[in-house]
Amino acid sequence: MQVFQKEDSILGGIDEAIAILKLCAGHTENDEWVSGWDQLQVHALKEGDRIAPRETVLTIEGDYTLFAHLETVYLGSMARRSLIMRNVAEVVQAARGKQIFYFPARHDHWLVQTGDGWSAHVAGAIGVSTDAQASWWGGRGIGTVPHGLIAAYGADTVKAAVKFADHFHRDMNITVLVDFENDSVRTALDVAHALGDRLWGVRLDTSEQLVDRSLLDEMGGFTPTGVNPRLVEKVRGALDGAGFGNVKIVVSGGFTAERIREFEAADVAVDAYGVGSSLIRGQNDFTADVVLLDGRPCAKVGRAYAPNPRLERVQ
C-alpha cells in the first residue's frame, strides 16, 4: 500500500497514522484480538517533513486483511494535520520571524483542538489559544483580554484589563484588546498607563466594516477600514511618545498569509499576528493505493509504485 498527496506541503499526522497501525492492525481469532503489527513492514517520512506533490510518504507491506479496515482513519489523520501544518507554515514564513498566534479554535469543532494545536506548534506557531491545543507538548493556551470580559465590566477596557492582570500577570504575557470603543489609540494609552510594566502588548482587532476614530480626519489616501497600516502606525507612535515603547502590537481580524506579506512588505510596526479561520481552510487530501501484489506491479492506471529513498523503516 502506497500513500501520497498532491500539494507542496508539510507532512502531519504521520505519527498518528503509525500509532493507528500499531494499535489496530490485526484480526480476531476465537473472539480475541490478535495484533498484526509485527507482520507488517512500514516505511514513512517523519512528522513535519516537507513533502512534494505525489511524493510517496508512507508504504505498508503485509497481509492486506490486517490493515485494510484502517485506510480511512489514517488517511484522515494525515489530511487534517498536514492541512494545518501547511497553512501555519505559510503564515510563519510570511511573517518573517514575527510571532504567529494560532487563534481558530472557535471556528471548528472542539474535538479537533488537540491535534490541530500540535500541528500548528510543529509548523512554527508561537502560541495557541486553548490548553487543549497545547496539551500534546505540555504547554498552556495563551490569550488576550477579550471583548466579552470588557463588556462584563460595563465596556470599561481599563477596568477589565486591571482585573485580568491582577489574576494572571504572573502566569502569562498580558495582552489587551483595545478596539471595544473603536478608539484604539486612546484606549491603548489608557491601558498602558493603568498597567505599566504588567502590560506586554495591545491587540488591534477593528472590524473590516469600521473606521477607527483616530483615522476619521485622515481618510482619502488609503483604505481606512479594519486593522490597516496607518492605524498600527498611529498606535505605535502614541505608545512610543508616551514612553511605552516596550509595549508590543498584535494585529488580528481576517489576517491571511497574503495580508501578512503586504504588511511585512510595507514594514508595518507589528510585533505579532493573530490568525484564525484562514488556518483551517482548504484541503490536503491523501490517497492510498495498492501498487504491488506479492512483489509484482498491481496498480490502477496512473498509480504505479513510486519508491522514495527518503522513507525510513518504522520499528
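About the thresholds
Residues numbered from 1 in each chain as written. Predicted model: local features only at pLDDT ≥ 70, side-chain atom pairs only at ≥ 80, totals over all residues. Heavy atoms only, no water. Axes fitted to C-alpha atoms, helices over the stretch in contact; angles between N-to-C directions. Helix = DSSP H or I, 4+ residues; strand = E, 2+ residues; numbered from the N terminus. Left-handed = near helix turned anticlockwise from the far one by under 90°. Contact = heavy atoms within 4.5 Å. Nonpolar A, V, L, I, M, F, W, Y, C, P; charged D, E, K, R; others polar. Pairing = 2+ DSSP bridges. Expected span 1.5 Å × (residues − 1). Buried < 20%, exposed > 50% of the residue type's maximum accessible area, 1.4 Å probe, protein only. Arc of directions from axis to C-beta. Salt bridge = Lys/Arg side-chain N within 4 Å of Asp/Glu carboxyl O.

Caption draft 1: Quick peek at the packing of helix H6 (residues 157-168) against helix H7 (residues 184-195). In the contact formed by H6 and H7, the axes pass within 9 Å of each other and the chain directions differ by 35°. Our pair here, H6 against H7, has a crossing hand that is right-handed. The segment H6 lies against H7, with Thr157, Val158, Ala161, Val162 and Ala165 engaging Thr187, Asp190, Val191, Ala194 and Leu195. For the contact of H6 with H7, the residue count by class is 7 nonpolar, 2 polar and 1 charged.

Caption draft 2: Examining the sheet that holds strand S17 (residues 312-313) more closely. Strand order in this open sheet of 5 strands is S14-S1-S7-S5-S17, and the pairing throughout is antiparallel. The two strands at the open ends of the sheet, each matched to only one other strand, are strand S14 (286-289) and S17. Direction of pairing for strand S1 (residues 2-5) relative to strand S7 (residues 58-61): antiparallel, over a ladder of 2 bridges. The partner of glutamine 2 across the bridge, within S7, is threonine 59. This element, helix H2 (residues 71-94), spans S1, S7 and S14 of the sheet and lies at about 150° to S14.

Caption draft 3: View of helix H8 (residues 229-241). With 13 residues, H8 extends 18 Å from end C-alpha to end C-alpha; this agrees with the ideal 18 Å at 1.5 Å per step. Those residues of H8 that sit buried are Leu231, Val232, Val235, Arg236, Ala238 and Leu239. Projected down its long axis, H8 carries its buried residues within an arc of 165°, all on one side. Packed against the buried residues of H8 are H7, strand S11 (199-204), strand S12 (248-251) and helix H9 (257-265). After H8 finishes, the residue glycine 243 shows a positive phi value of roughly 90°.

Caption draft 4: Quick peek at the pattern of salt bridges. Scanning the model with the defined rule gives 19 salt bridges in all. Linking arginine 236 and aspartate 240 is a salt bridge whose minimum nitrogen-to-oxygen distance equals 3.1 Å. With arginine 236 and aspartate 240 both in helix H8, this residue pair falls 4 residues apart, about one helical turn. Residue arginine 236 is classed as buried on the basis of its relative accessible area, which comes to 11%.

No statement about biological role is implied by the geometric values presented.
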